[in-house]
Amino acid sequence: MEQNTIYFDSTYRLRVVEEDKYKDTERLHEECGSFTQKMGGFQETVQRLVDGMNDYAAKIEAAKLKALGQRNRVESEVEVRKRRTAELQALINEKKAGLERLQLQYESLRKVDAEQKATIERLSNNEA
């Protein structure tokens, strides 16, 4: 069986452990309390850092979505411009065809007018 030893400290109090070991235990207890406080502070700092990083990640994600939306808008704008260019080119071709048709009609009418004037002139010369 174990033998329990009883000790007296410098103030003549009864102790189960030696006075030096008791003081070391008290110091260790105080250091543990200090360490626990420091760990609590560290944990708060880490939590603030994690919260800040989460906020920053959310801002980055929002910026990414905005950039994707703008890229899609730009890509669709390119397609819209190509389609609009094609529409305008078709309209230009249609107007050119109409102009050419009107020019041919004008030339035809000028010839008819010149022929009619010549016929009138000929008929006027014959009557005179």
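Residues numbered from 1 in each chain as written. Predicted model: local features only at pLDDT ≥ 70, side-chain atom pairs only at ≥ 80, totals over all residues. Heavy atoms only, no water.

Visitor: What's the story with the overall build of the protein in this structure? I'm lost.
Guide: Across its full length, the protein carries one helix and two strands. For the protein, the α and β elements follow one another from N to C terminus as β-β-α. For 128 residues, the compact-globule estimate of 2.2 N^0.38 gives 14 Å, and the protein exceeds it by more than 25% at 52 Å. In terms of overall dimensions, the protein has C-alpha extents of about 165 × 30 × 10 Å along its principal axes. In the protein, buried positions account for 2% of the 128 residues. Carbon together with sulfur atoms contributes 56% to the accessible area of the protein, which is approximately 12,400 Å² in total. (Helix = DSSP H or I, 4+ residues; strand = E, 2+ residues; numbered from the N terminus. Rg over C-alpha atoms; globule rule 2.2 N^0.38 Å. Buried < 20%, exposed > 50% of the residue type's maximum accessible area, 1.4 Å probe, protein only. Areas by Shrake-Rupley, 256 points an atom, 1.4 Å probe, with all protein chains shown as cover.)

Visitor: Sorry if this is basic, but what is going on with the pattern of salt bridges here?
Guide: Here the idea is simple: oppositely charged side chains can pair when their charged atoms come close. Under the criterion given, the structure shown has seven salt bridges. Of the charged contacts, one joins Glu 31 and Arg 27 as a salt bridge, the two residues approaching to 2.9 Å between their closest N and O atoms. Of the two residues, Glu 31 and Arg 27 both sit in helix 1 (residues 19-127), four residues apart, roughly one turn of that helix. Ionic contacts of the salt-bridge type, sharing partners, join the residues Asp 24, Arg 27 and Glu 31 into one network. (Salt bridge = Lys/Arg side-chain N within 4 Å of Asp/Glu carboxyl O.)

Visitor: Mind showing me how you'd approach the environment of Asp 20 here?
Guide: Structurally, Asp 20 is set in helix 1. C-alpha separation for the pair Asp 20 and Glu 31, spaced eleven residues apart in sequence, amounts to 16 Å.

Visitor: What's the story with a nonpolar patch on the surface in this structure? I'm lost.
Guide: Residues Phe 35, Met 39, Phe 42, Val 46 and Val 50 make up a contiguous nonpolar surface patch of roughly 460 Å² in combined accessible area. Along the polypeptide, Met 39 turns up in helix 1. According to the relative accessible area criterion, Met 39 is partly exposed, its value standing at 39%. (Patch = residues over 30% accessible without salt bridge, like charges linked within 9 Å, V, L, I, M, F, W, Y side chains within 5 Å.)

Visitor: Would you mind going over the confidence of the model for the protein with me for this structure?
Guide: Interpreting fine coordinate detail is not advised for predicted regions of low pLDDT. Overall, the predicted model of the protein reaches an average pLDDT of 91, with 97% of residues at or above 70. For the protein, the element scoring lowest by mean pLDDT is strand 1 (residues 7-8), at 72; helix 1 scores highest, at 94. (pLDDT = per-residue confidence, 0-100.)

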